[in-house]
Amino acid sequence: MAVGSGPPGAPRRPRVFSGIQPSGDVHLGNYLGAIKRWVDGQRDKENYFCVVDLHSLTVPQDPETLRRQTRSLAALLLAAGLDPAQCTLFVQSHVTAHAEACWLLNCVTPLGWLHRMTQYKDRAARQESVGAGLLDYPVLMAADILLYDTDEVPVGEDQQQHVELARDIAERWNRLHGETFVLPTAVIPTAGARVMGLDDPTAKMSKSQAHVPGHAIRLLDDPDVIRRAVSRAVTDSGNEIRFSDDPARAGVTNLLGIYQAITDKSERSVQADFADARGYGDLKRRVTDVILGVLAPIRERHAELMADPAELDRLLARGAERARAVAGPKLAEMKQRMGLILPA
Ligand code: ATP
Ligand code: LTN
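Draft legend 1. Main features of the packing of aromatic side chains. All told, the structure shown has seven aromatic pairs when counted by the stated rule. Relative to Phe181, the ring of Trp173 lies with its centre 5.4 Å away and its plane at 55°, an arrangement referred to as tilted. Taking relative accessible area as the criterion, Trp173 reaches 0% and is therefore assigned buried. When the centroid spacing of 4.8 Å and the interplanar angle of 65° are considered together, the rings of Tyr259 and Phe274 count as edge-to-face. With Tyr259 in helix α10 (residues 250–263) and Phe274 in the loop between α11 (267–273) and α12 (279–306), the pair connects residues that are 15 residues apart, well separated along the chain. There is no split in this pair, since Tyr259 and Phe274 are both buried. Taken together, the ring pairs in this structure connect Phe17, Tyr48, Phe90 and Tyr148 into an aromatic cluster. Seen from the ring of Trp113, Arg172 lies directly overhead, with NZ or CZ sitting 5.9 Å from the centre.

Here it is in structure tokens:
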């Protein structure tokens with residue numbers, strides 16, 4: 001049976017779409033907030049997962065590095081457990097419908113909606129010169145999502161506003177040009193939605209800061225580097241090991257949140273696990289153990305996949321072909337509704 005199509009006559013399975021940028025090093029926040037959810041939820045749904053290389057171009061990239069990281073990220077997603085028999089994994093720029101649909105959606109998106117995006121405001125404030133691509137970023141993301149009649153978009157909390165914008169754009173288009181798009185919903189995990197930096201538990205763990213020693217745990221980091229980063233994680237001067245809303249105790253809460261997201265336990269049972277722990281040193285050792293337990297096999301499998309780049313490229317080519325089969329007809333419908341003539 002082809003991926004995506006259920007048995008004849010069966011009700012349509014929920015469609016899932018999500019993306020991740022190949023810029024920067026993938027970290028534990030990306031894994032717990034997004035990738036692990038994609039892997040855990042891939043059965044029983046129709047899944048599209050995309051390495052969004054076009055989104056990465058919104059900030060300057062070194063071409064060679066971007067090419068290397070695009071393949072490495074695809075391998076990492078497979079190593080983390082995405083199964084090509086259950087999902088379509090592809091590179092965004094291989095399916096040209098995304099960039100074309102973005103243009104058509106641009107023409108129905110009010111500029112004010114884009115200026116309101118908090119990620120844009122944060123980034124624009126930090127940069128001297130701001131490219132049009134940075135402002136347009138969420139419209140390309142809306143194109144990604146809407147081309148696949150997506151029902152669910154599993155992302156970390158930071159992307160919720162962008163998914164809501166995609167929904168607003170879809171509603172506006174449907175009103176202007178007739179029912180074309182399914183309205184998507186963001187699916188945010190309860191644990192791991194916002195993993196914070198180990199060096200500053202009040203700021204989210206971020207790819208763009210992943211190179212800063214002690215900030216992030218990168219999925220491909222050496223076990224020793226990970227041990228050191230966790231052992232130096234910022235905590236507080238107390239010794240109580242429990243979840244707390246107190247910003248002064250954010251470091252301990254973050255470590256517990258990481259433990260909880262990896263083990264899939266409730267807050268109460270996480271706290272019970274630490275009832276016999278002696279101080280933060282013990283907490284950090286046990287959190288390190290669960291992190292290494294989940295990352296070691298991923299690292300190993302990633303190395304195997306990277307050893308055969310031709311096979312990886314073949315797999316991505318198959319993914320792009322399957323994605324085109326869905327995105328192509330949707331783009332044609334968009335063009336037709338807007339009054340473009342299709343080539344004979
Ligand atoms: P940057 O922080 O530099 O913008 P990023 O780390 O957010 O990059 P993306 O490729 O933009 O990386 O995100 C991929 C996925 O990981 C998204 O679904 C995003 O919501 C999720 N994610 C990113 N950071 C975190 C985090 N700290 N905690 C939980 N989820 C996260
Ligand atoms: N903007 C997202 C990546 C992304 C995405 C998407 C996520 C691009 N297109 C479509 C979900 C659905 C990010 O930076 N995390």
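Draft legend 2. View of unusual backbone geometry. A positive phi angle is found at Asp44, which is not glycine, with a value near 70°. Inspection of the secondary structure puts Asp44 in the loop between α1 (28–40) and β2 (46–51). Even without being glycine, Asp149 reaches a positive phi, approximately 50°. Here Asp149 shows up in the loop between α7 (132–146) and β4 (152–154).

Draft legend 3. Seen up close, the pattern of salt bridges. Tallied over the full model, the rule gives 24 salt bridges. Two residues, Asp151 and Arg12, come together in a salt bridge whose shortest N-O distance is 2.9 Å. With Asp151 in the loop between α7 and β4 and Arg12 in the segment before β1 (15–20), this residue pair connects regions lying 139 residues apart in the sequence. Judged by its relative accessible area of 22%, Asp151 is partly exposed.

Draft legend 4. Spatial organisation of the site of ligand 2. Neighbouring ligand 2 are 13 residues; Gln21, Tyr137, Met141, Asp144 and Gln159 lie closest to it. Between ligand 2 and Gln21, the relevant distance is 3.2 Å, taken from an oxygen atom to a side-chain nitrogen or oxygen of the residue. Between ligand 2 and Tyr137, the relevant distance is 2.6 Å, taken from an oxygen atom to a side-chain nitrogen or oxygen of the residue. Its free accessible area being 370 Å², ligand 2 has 91% of it covered by the protein chains. Judged by its atoms lying within 2 Å of the grid points, ligand 2 is housed in the largest pocket. Of all the secondary structure elements, the ones that give two or more residues to the shell around ligand 2 are β1 and α7.

Draft legend 5. Layout of empty space enclosed by the protein. Within the structure shown, the criterion is met by one cavity of 30 Å³ or more. The volume enclosed by the largest cavity comes to roughly 60 Å³. Lining the largest cavity are Met117, Gln119, Tyr120, Arg123, Leu134, Tyr137, Pro138 and His162. Elements with a minimum of two residues in the lining of the largest cavity: α6 (118–126) and α7. Of the residues assigned to the lining of the largest cavity, the class counts are five nonpolar, two polar and one charged.

Draft legend 6. Geometry of the pairing of β1. Of all the six residues making up β1, five are buried; the element is thus mostly covered by neighbouring parts of the structure. Summarising the sheet, β1 and β2 pair through six bridges and their orientation is parallel. Bridging from a neighbouring strand, Ser18 pairs with Phe49 of β2. Viewed along the sheet, the connection from β1 through α1 into β2 turns out right-handed.

Calculation notes
- Residues numbered from 1 in each chain as written.
- Chains lettered and ligands numbered in written order.
- Predicted model: local features only at pLDDT ≥ 70, side-chain atom pairs only at ≥ 80, totals over all residues.
- Heavy atoms only, no water.
- Phe/Tyr/Trp six-rings, centres within 6.5 Å; stacked < 30°, edge-to-face > 60°.
- Buried < 20%, exposed > 50% of the residue type's maximum accessible area, 1.4 Å probe, protein only.
- Helix = DSSP H or I, 4+ residues; strand = E, 2+ residues; numbered from the N terminus.
- Lys NZ or Arg CZ within 6 Å of the ring centre and 35° of its normal.
- Salt bridge = Lys/Arg side-chain N within 4 Å of Asp/Glu carboxyl O.
- Near = heavy atom within 4 Å.
- Polar contact = N/O pair within 3.5 Å; in protein donor to acceptor, adjacent residues only side chain to side chain.
- Areas by Shrake-Rupley, 256 points an atom, 1.4 Å probe, with all protein chains shown as cover.
- 1 Å grid on protein atoms, 1.4 Å probe; cavity = no way out; pocket = protein on both sides within 12 Å on 5 of 7 lines; lining within 4 Å.
- Sits in = over half its atoms within 2 Å of the grid points.
- Points joined across faces, edges and corners; volume = space filled by probe spheres on them.
- Nonpolar A, V, L, I, M, F, W, Y, C, P; charged D, E, K, R; others polar.
- Pairing = 2+ DSSP bridges.
- Right-handed = clockwise from strand over helix to strand, strands pointing away.

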